[in-house]
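# Per-entry structural report
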Amino acid sequence: DPQQVELAAASKRKLRRFIVIDEVVDKLYGSKVREYFEENNVQHKILALPTTEETKSMDLVLNILHEVQNFSLDRRTEPIIAIGGGVCLDIVGLAASLYRRRTPYIRVPTTLLSYVDASVGAKNGVNFLQCKNKLGGYTPPVASFLDRSFIQSIPRRHISNGLGEILKMALMKHKGLFDLLKNHGKYLLDTKFQSCNGFAGHGDAALQTTRIAIETMLEELAPNLWEDDLDRLVDFGHLISPELEMRVLPSLMHGEAVNIDMAFMTYVAHARGLLDAEEKEQILQCMRGLELPVWHSGCSWALIQRALRERLKHSGGQPRMPLPTGLGVAEIFNDTSEETLERAYELWVRD
């Protein structure tokens, strides 16, 4: 906003920014971040923290808030900036929502998963009592800045991890996105989602894939930002995965746990007659092509039953189970029998 720029330039008060950055990202990009603020004459405090699923707690939120208080942040004009993966964005979002009841914050995602998932929407939170995101709120950022160049420095497994959430949107809402992943998955992994020239036949698959994934996510979230309606297609892959992910930490990453959940639910859809054998196989082949796990020994029948019971508790007494009814189309079901689930589980384990 030119008017805001003009006001800032006219102000005698020096621009100030408080930045929370993941400690791994800080090692890679911290010097560039510091250089940027120094060149623009911005007084700044950079707090580098270990933001992992194991450290995603209220303790870390309180640590941030102590530092914010010491920095004497202006709660309306000086947004907190979060630079990191989804865990970092979640923790900072919760801290900002608590400080003086609401302090603006900006998300800068640095992993593929956070780029297409955590950067979109209003949710933030931390783990509590070994339950994923049990404490949190709905405070959207004032902005999300998306820069795919961050993704080139993350390991291949992290790219695959992000592809799990992109595949979720493809299966629920967009056959074209599914085809992009099926046809260009290996290329996207190899090039780490950078827009490369000279790769005939691929076009700008990275740009198309991320843009469609974010647009479809926004289509789902925008009309239901506060989750007043609990029937949510974006919950696909998130019925069993929270229980599995927390149970086997740190062996599975979030997108991997989500994909294992989606693989099982693909079998459930097949057992219900919603997907034919060829469609089921196409989905599983696409998952394997994206180098995502389609099964995990920790995902026992007992864990699935426990996870679905937990689901009933916080979804108004209904399972609200999103299932694919074809490639790129889906519906929400409340009438999947225990017998169907068990039959699907047996077929899944057998395969």
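Bear in mind the structure is a predicted one, so any value in this text is a computation, not a measurement.

### Focus: the nonpolar core
Leu167 and Phe264 are the most contacted members of the largest nonpolar core, which has 71 residues in total. In terms of residue count, the dominant contributor to this core is helix H10 (residues 254-271) (11 residues). Split by domain, the residues of this core number at least three in each of domain 1 (2-151) and domain 2 (156-225 + 232-350). Among residues more than four places away in sequence, those in contact with Phe264 are Ile240, Ile304, Leu341, Ala344, Tyr345 and Trp348. Of all hydrophobic cores here, the second largest spans 25 residues; its members include Leu65, Ile80, Ala82 and Val126.

### Here's the deal with the sheet that holds strand S2 (residues 43-49)
Pairing is parallel across the open sheet formed by 5 strands, whose spatial order is S2-S1-S3-S4-S7. Both edges of this open sheet fall to S2 and strand S7 (143-144), since each of them pairs with a single strand only. With 7 bridges joining them, strand S1 (residues 16-22) and S2 adopt parallel strand pairing. When the bridges of S2 are listed, Val20 appears paired with Leu47. Along the sheet, helix H4 (residues 86-98) contacts S1, strand S3 (80-84) and strand S4 (105-109); its crossing angle with S3, the most-contacted strand, is approximately 165°.

### Observations regarding the domain arrangement of the protein chain
As assigned here, the protein chain comprises domain 1 (2-151) and domain 2 (156-225 + 232-350). Computed over C-alpha atoms, the centres of domain 1 and domain 2 are 28 Å apart. Tallying the contact residues gives 21 residues for domain 1 and 28 residues for domain 2. With both sides pooled, the region where domain 1 packs onto domain 2 buries about 2,000 Å², and carbon together with sulfur makes up 69% of that total.

### With respect to the UniProt feature "domain: 3-dehydroquinate synthase N-terminal" (unreviewed entry) in the protein chain
Taking the UniProt record as the reference, the feature "domain: 3-dehydroquinate synthase N-terminal" (unreviewed entry) is found at residues 48-160. Between the first and last C-alpha atoms of residues 48-160 the distance is 26 Å; the span itself is 35% helix and 25% strand.

Reading the values: the criteria
- Residues numbered from 1 in each chain as written.
- Predicted model: local features only at pLDDT ≥ 70, side-chain atom pairs only at ≥ 80, totals over all residues.
- Heavy atoms only, no water.
- Core = buried A, V, L, I, M, F, W, Y, C linked by side-chain atoms within 4.5 Å.
- Buried < 20%, exposed > 50% of the residue type's maximum accessible area, 1.4 Å probe, protein only.
- Helix = DSSP H or I, 4+ residues; strand = E, 2+ residues; numbered from the N terminus.
- Domains from an automatic or database assignment.
- Contact = heavy atoms within 4.5 Å.
- Pairing = 2+ DSSP bridges.
- Axes fitted to C-alpha atoms, helices over the stretch in contact; angles between N-to-C directions.
- Buried area = accessible area lost by both parts, 1.4 Å probe.
- UniProt positions renumbered as here; feature names shortened; annotations may be inferred.

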